[in-house]
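# Structural features, examined
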Amino acid sequence: MAAVEKRSVTIRGHRTSFSLEQPFYDDLIAIAAERSLSLAALVAEIDETRTRDANLSSALRLYVLAWAKRRGATP
């Protein structure tokens, strides 16, 4: 099982952090590249659309899961 790693990114002019396992982080990088976005832009987009009762790390994981399901991949 992959260890959770804390990472930081600047979105909307301020630093924020999230904690993800390496496979989720790798998929976020792949999604950002596929969409021609920076990682910060993708994280900002996900942050803007998440419900306020969900933390950012959970929202990022759910986004990756939904992306994988749309492509027929198994998480």
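Check the entry above for the structure.
Let me begin by describing the structure that accompanies this report.

Rules used throughout
- Residues numbered from 1 in each chain as written.
- Predicted model: local features only at pLDDT ≥ 70, side-chain atom pairs only at ≥ 80, totals over all residues.
- Heavy atoms only, no water.
- Salt bridge = Lys/Arg side-chain N within 4 Å of Asp/Glu carboxyl O.
- Helix = DSSP H or I, 4+ residues; strand = E, 2+ residues; numbered from the N terminus.
- Buried < 20%, exposed > 50% of the residue type's maximum accessible area, 1.4 Å probe, protein only.
- Pairing = 2+ DSSP bridges.
- Core = buried A, V, L, I, M, F, W, Y, C linked by side-chain atoms within 4.5 Å.
- Contact = heavy atoms within 4.5 Å.

### Quick word on the pattern of salt bridges
Here the structure, examined in full by the defined rule, presents 7 salt bridges. Between aspartate 47 and arginine 12 there is a salt bridge; the shortest N-O distance is 2.3 Å. Residue aspartate 47 is found in helix α2 (residues 39–49), and its partner arginine 12 is found in the loop between β1 (4–11) and β2 (14–21); the two are separated by 35 residues along the sequence. Residue classification places aspartate 47 among the buried positions, given a relative accessible area of 6%. Classification of arginine 12 as partly exposed rests on a relative accessible area of 48%. Among the ionic pairs, glutamate 34 bridges to arginine 71, the shortest N-O distance being 2.5 Å. Of this pair, glutamate 34 sits in helix α1 (residues 22–34) while arginine 71 sits in the segment after α3 (56–70), placing them 37 residues apart in sequence. Note on glutamate 34: relative accessible area 47%, which makes it partly exposed.

### Observations regarding the pairing of β2
Both β1 and β2 contribute to a ladder of 8 bridges, which runs antiparallel. By the bridge assignment for β2, isoleucine 11 is matched with histidine 14. Connecting the antiparallel pair β1 and β2 is a turn made up of 2 residues, with arginine 12 showing a positive phi of about 50 degrees.

### So, the nonpolar core
One finds Phe18, Leu28, Ile31, Leu42, Val43, Ile46 and Leu60 to be the most contacted residues of the largest nonpolar core, which totals 19 residues. Counting residues per element, the ones that place at least two in this core are β1, β2, α1, α2 and α3. It is α3 that provides the largest number of residues to this core, a total of 6 residues. The residues touching leucine 28, leaving out its near neighbours within four places in the chain, are Leu20, Leu39, Leu42, Ile46, Leu60 and Val64.

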